[in-house]
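Coordinate analysis (summary)
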Amino acid sequence: MDKKTIFSGMQPSGAITLGNYLGALKNWTTLQDEYNCLYCIVDMHAITVRQDPTQLRQSSRNLLMQYIAAGLDPTKNIIYYQSHVPAHAELAWILNCYTYMGELNRMTQFKDKSKSHSDNINAGLYTYPALMAADILLYQTDLVPVGVDQKQHLELSRDIAQRFNSIYGDVFTVPEPYIGKVGAKIMSLQEPVKKMSKSDDDINATINLTDDPATIIRKFKRAVTDNLAQVKYDEIAQPGISNLMAIYSAITGDSYESIQNEFEGKGYGDFKLRVAEAVISELEPLQQRYKQLSADKNYIDTIIKENASKANYLATKTLRKVQKKIGFPPIVR
Ligand code: TYM
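These notes cover the structure that comes with them. (Residues numbered from 1 in each chain as written. Predicted model: local features only at pLDDT ≥ 70, side-chain atom pairs only at ≥ 80, totals over all residues. Heavy atoms only, no water.)

It is worth spelling out the packing of helix 6 (residues 108-116) against helix 7 (residues 123-137) at this point. At a closest axis distance of 9 Å, the pairing of helix 6 and helix 7 adopts a crossing angle of 160 degrees. Considering their axes alone, helix 6 and helix 7 lie roughly antiparallel with respect to each other. Note that helix 6 runs across helix 7; the crossing there is right-handed. In this structure, helix 6 contributes Gln109, Phe110, Lys113 and Ser114 to the contact, and helix 7 contributes Leu125, Tyr126 and Tyr128. (Axes fitted to C-alpha atoms, helices over the stretch in contact; angles between N-to-C directions. Helix = DSSP H or I, 4+ residues; strand = E, 2+ residues; numbered from the N terminus. Parallel < 35°, antiparallel > 145°, perpendicular 65-115°, else oblique. Left-handed = near helix turned anticlockwise from the far one by under 90°. Contact = heavy atoms within 4.5 Å.)

To continue, consider the site of the ligand. Neighbouring the ligand are 27 residues; Tyr128, Asp135, Gly147, Asp149 and Ile186 lie closest to it. Between an oxygen atom of the ligand and a side-chain N or O atom of Lys198, the distance comes to 2.8 Å. Here the ligand, which alone exposes 710 Å², has 97% of that area covered by the protein. Looking at the shell around the ligand, the elements that each hand over two or more residues are strand 1 (5-10), helix 1 (18-31) and helix 7. By residue class, the composition of the shell around the ligand is 12 nonpolar, 10 polar and five charged. (Near = heavy atom within 4 Å. Polar contact = N/O pair within 3.5 Å; in protein donor to acceptor, adjacent residues only side chain to side chain. Areas by Shrake-Rupley, 256 points an atom, 1.4 Å probe, with all protein chains shown as cover. Nonpolar A, V, L, I, M, F, W, Y, C, P; charged D, E, K, R; others polar.)

Attention now goes to the nonpolar core. Of all hydrophobic cores here, the largest spans 58 residues; its most connected members are Leu25, Tyr67, Phe220, Ile247 and Val279. Per-element tally for this core: the top contributor is helix 12 (residues 268-294), with 11 residues. Not counting residues up to four positions away in its chain, the partners in contact with Leu25 are Met10, Ile16, Asn20, Gln66, Tyr67, Ala70, Leu72 and Leu209. One finds Cys40, Phe110, Ala133 and Ala161 within the second-largest nonpolar core, a separate group that totals 41 residues. (Core = buried A, V, L, I, M, F, W, Y, C linked by side-chain atoms within 4.5 Å. Buried < 20%, exposed > 50% of the residue type's maximum accessible area, 1.4 Å probe, protein only.)

What follows concerns the pattern of salt bridges. A side chain with one charge can pair with a side chain of the opposite charge if their charged atoms come near. This model, assessed by the stated rule, comprises 12 salt bridges. Among the ionic pairs, Glu103 bridges to Arg163, the shortest N-O distance being 2.6 Å. Remark: Arg163 occurs in helix 8 (residues 151-168) and Glu103 occurs in helix 5 (residues 101-105); sequence separation between them is 60 residues. A relative accessible area of 8% places Glu103 in the buried class. For Arg163, a relative accessible area of 19% corresponds to the buried category. A single salt-bridge network, built from bridges that share partners, covers Arg61, Lys297 and Asp301. (Salt bridge = Lys/Arg side-chain N within 4 Å of Asp/Glu carboxyl O.)

Of all the six residues making up strand 2 (residues 36-41), five are buried; the element is thus mostly covered by neighbouring parts of the structure. Here strand 1 pairs with strand 2 via six bridges, running parallel. Looking at strand 2, one finds that Phe7 is bridged to Leu38. Traced from strand 1 through helix 1 to strand 2, the parallel crossover comes out right-handed. (Pairing = 2+ DSSP bridges. Right-handed = clockwise from strand over helix to strand, strands pointing away.)

Here the second largest pocket defines a volume of roughly 360 Å³. For the lining of the second largest pocket, the elements supplying multiple residues, two or more each, are strand 2, strand 3 (77-81) and helix 13 (297-326). With five residues, the single largest contributor to the lining of the second largest pocket is helix 13. Across the lining of the second largest pocket, the residue classes tally to seven nonpolar, seven polar and six charged. (1 Å grid on protein atoms, 1.4 Å probe; cavity = no way out; pocket = protein on both sides within 12 Å on 5 of 7 lines; lining within 4 Å. Points joined across faces, edges and corners; volume = space filled by probe spheres on them.)

On to empty space enclosed by the protein. For the structure shown, the criterion picks out one cavity of 30 Å³ or more. Taken as a whole, the largest cavity holds about 30 Å³ of empty space. For the largest cavity, the full set of lining residues is Gln109, Phe110, Lys113, Leu125, Tyr128, Pro129 and His153. For the lining of the largest cavity, the elements supplying multiple residues, two or more each, are helix 6 and helix 7. The residue makeup of the lining of the largest cavity, split by class, is four nonpolar, two polar and one charged.

Rendered as C-alpha cells:
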C-alpha cells in the first residue's frame, strides 16, 4: 500500500553469472520486505540477439527458478515472464514515439552489441531502451536495482518519463537507480578490464551460478592477476586483484581495508582459494534449492500463472491511463 515499488529484470540469454548475482539478484533478496517488488524475466529483450527457441524456453524457466532459489519469495514478489504481459510491448511502441534517435544513438550497449552481432543489427536492438523504459514505467516504479552497466538505460527511462509527464501531466513515477556499493561491476576473470558477461565465449572468464565447487576453484585459480604480489584495491594498477576483492567483499561484507589486512604478506594462491571458498558457500544453498525446484513442475507452473496475472492487472492499469492521455479511443464493452 504505502510501500514503494521496485522493478528489475534479467535477460534469459544463457546461464546467469556471478556478476548478475552480485550486481543485482543478491540485492533484490534484501528488498522484498520493505518494497513491493516485481522481478521480470525479460525474454522479449533477449530476442534482440538471435536465440535458439528450445534453449530460450529452458533458460527462461531456469532463470525464474534461480530467482526463487536465490531467495525471492514468489508470494511476496511478482516474478514473471515479460512475454506473458502484452502491455510491455504496447507501451514500448508508444514510448518509441517519445524517444529520439539521437538518444538511442548514444547508448553504449547498442554500440557494443552492434559490434558483437554485426550480422544482425536489428531495429529491436536499437529500440531496446524504449522497451526497458516501458518495463519500468508500467508499474509506477520508484527504484530500479541494477548493476552499473544499466545506468545509462535507466537515465534514458527517466528522461522519457519526464518528457511524457511534461506533455500530459503526472502519468509516470520517475524511477531512481539503485546501485549497490560493492559488486555493481564484476569483471571477467580472464580480462579484468572487461565486465563479466553471460555471453563471453571464454568459459574461464565467468562463474556461473550452477558451477560446481571444483569448477569454481579451477576458474579462480586461473584468474588473471599481476606480479605486484600484494592484495590491494587499485582498479588501474591491479584490476584482477581488485575484482577478486570486490567479489569477496560483496559476499562477506568485509571492507577492502580489512581484506587487505587479512591477506597481508600472503600469496595470491591463498587469496584466490579463499575467494573461491566464499563463492562456493554462497552458492551452495542456492544450488540445492534450485535442484529441488527443478523437480517440482506443478509448483513452478502455479507461480508462473499467478504472477503473470498479478503483473497483467497492474500493467494494464497504467497502459489504459497512457492510452487515454494520448487520445486513443476508449474500449467499448
Ligand atoms: P542483464 O540481463 O544484462 O543483467 C541483469 C542484471 O545483472 C547486472 N549485471 C552485472 N552486475 C555486476 N557485474 C556484472 N558483470 C554484471 N553483468 C550484469 C545488470 O546490471 C542487471 O542489473 N537491460 C537489462 C534487463 C532489463 C531491465 C529492465 C533491468 C530489461 N528491462 C528494466 C532493469 C529494469 C539487462 O540486459 O540486464
